[in-house]
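Analysis of the macromolecular model
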Amino acid sequence: MTKSITALLLGTFLATGAYAGPSTFAELAYITGGENGQGGSDDEDGFEVAGAVKLTDIWYVGGALGSYDRDGASGGDNFENDYLNLAAGAVIGLTDKTDFIGEIGLWVGEQD
């Protein structure tokens, strides 16, 4: 099992208008033809469920849960990658068109 801590990611993003802070969302993704859509055979596929929950006007928590498989029938390696990504962050408006976004996360995964 591999564990890593995602480095503190700080950034300033320019927007075309004022940002209302973090939002709540959920999404389901199906991956085919290569991890993250980066090419590969049809024997490669997986899924990911991701989302975030707004806690306050500034703070949010979120994460992703996924699994990806590759069948190496064409001479490549077989593997299965299962992972969990948890994150927490803040969105702070600096001006009407500039927001500061800071996030820290934990990635836990296993590859067989």
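Quick caveat: nothing in here was measured; it's all calculated off a predicted structure.

Thoughts on a nonpolar patch on the surface
- Together, Leu28, Phe47, Val49, Leu65, Leu84, Leu86 and Leu106 line one region of the surface with nonpolar side chains, adding up to about 610 Å² of accessible area.
- Contributions of two or more residues to the nonpolar patch are made by β3 (44-54) and β5 (79-93).
- With respect to the helices and strands, the residue valine 49 is situated in strand β3.
- On the basis of relative accessibility, which here comes to 39%, the residue valine 49 falls in the partly exposed class.

Re the pairing of strand β6 (residues 98-111)
- Bridging between β5 and β6 involves 13 bridges; their strand directions are antiparallel. When the bridges of β6 are listed, glycine 93 appears paired with aspartate 99.
- If you look at the hairpin formed by β5 and β6, you'll find four residues sitting between the two strands.

Here's the deal with the pattern of salt bridges
- Summed over all chains, the structure comprises one salt bridge.
- Put simply, aspartate 57 and lysine 54 hold a salt bridge, and the shortest N to O gap is 3.7 Å.
- When its relative accessible area of 33% is taken as the criterion, lysine 54 is described as partly exposed.

What about the environment of glutamate 44?
- Note that glutamate 44 resides in strand β3.
- The sequence separation of glutamate 44 and asparagine 78 amounts to 34 residues, and the corresponding C-alpha distance is 9.6 Å.

Parameters and conventions
Residues numbered from 1 in each chain as written. Predicted model: local features only at pLDDT ≥ 70, side-chain atom pairs only at ≥ 80, totals over all residues. Heavy atoms only, no water. Patch = residues over 30% accessible without salt bridge, like charges linked within 9 Å, V, L, I, M, F, W, Y side chains within 5 Å. Areas by Shrake-Rupley, 256 points an atom, 1.4 Å probe, with all protein chains shown as cover. Salt bridge = Lys/Arg side-chain N within 4 Å of Asp/Glu carboxyl O. Helix = DSSP H or I, 4+ residues; strand = E, 2+ residues; numbered from the N terminus. Buried < 20%, exposed > 50% of the residue type's maximum accessible area, 1.4 Å probe, protein only. Pairing = 2+ DSSP bridges.

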